[in-house]
Amino acid sequence: MRKDIFISYQHKIIRINPADIILVEATGEYSQLKTTTKNYLLHTPIIKLEAVLLPHGFFRVHRKFIISLSRITHVERKRVILGDLQIPIGYSFYKNFLNQLDILQ
């Protein structure tokens, strides 16, 4: 498995370390890739990004959001907190999302 991923952005092919990605947000037929340093608007559907990011520790928590599991600060009811960002967890994604976490009680 390759460590980095490549995106096409503004007539360039840019290498991105998956560890720098915070989340992906679907906006129509585009997707916004948010990293620690920059946001990229890609003409790529979220379903395609989900397939690429899944092996790198990402999980789709909502029809509009894919998050990095390593960036989770905490989970409250039906939302996940990534630092200052509050991301809703979709009803149909909730159970599978919780199964991805190693929850100790």
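In the block above lies the structure referred to throughout.
Note that this is a predicted model, so its numbers are computed, not measured. (Residues numbered from 1 in each chain as written. Predicted model: local features only at pLDDT ≥ 70, side-chain atom pairs only at ≥ 80, totals over all residues. Heavy atoms only, no water.)

**Details of the environment of Phe65**
Link 1 in the chain: For Phe65, the location among the structural elements is in strand E7 (residues 65-68).
Link 2 in the chain: Here the alpha-carbon distance between Phe65 and Thr27, two residues 38 residues apart in the chain, equals 9.8 Å.
Link 3 in the chain: Residues in contact with Phe65, not counting those within four places in the same chain, are Leu23, Val24, Glu25, Ile46, Phe59, Arg60, Ile87 and Pro88. (Helix = DSSP H or I, 4+ residues; strand = E, 2+ residues; numbered from the N terminus. Contact = heavy atoms within 4.5 Å.)

**A closer look at the pairing of strand E9 (residues 79-82)**
Link 1 in the chain: Of the strand pairs in this sheet, strand E8 (residues 74-76) and E9 are connected by three bridges, and their pairing is antiparallel. Bridge assignment links Glu76 to a residue of E9, and that residue is Arg79.
Link 2 in the chain: Adjacent in sequence and paired antiparallel, E8 and E9 are bridged by two residues, among which Arg77 carries a positive phi angle near 40 degrees.
Link 3 in the chain: In terms of strand pairing, E9 meets strand E10 (residues 85-88) through four bridges, oriented antiparallel. (Pairing = 2+ DSSP bridges.)

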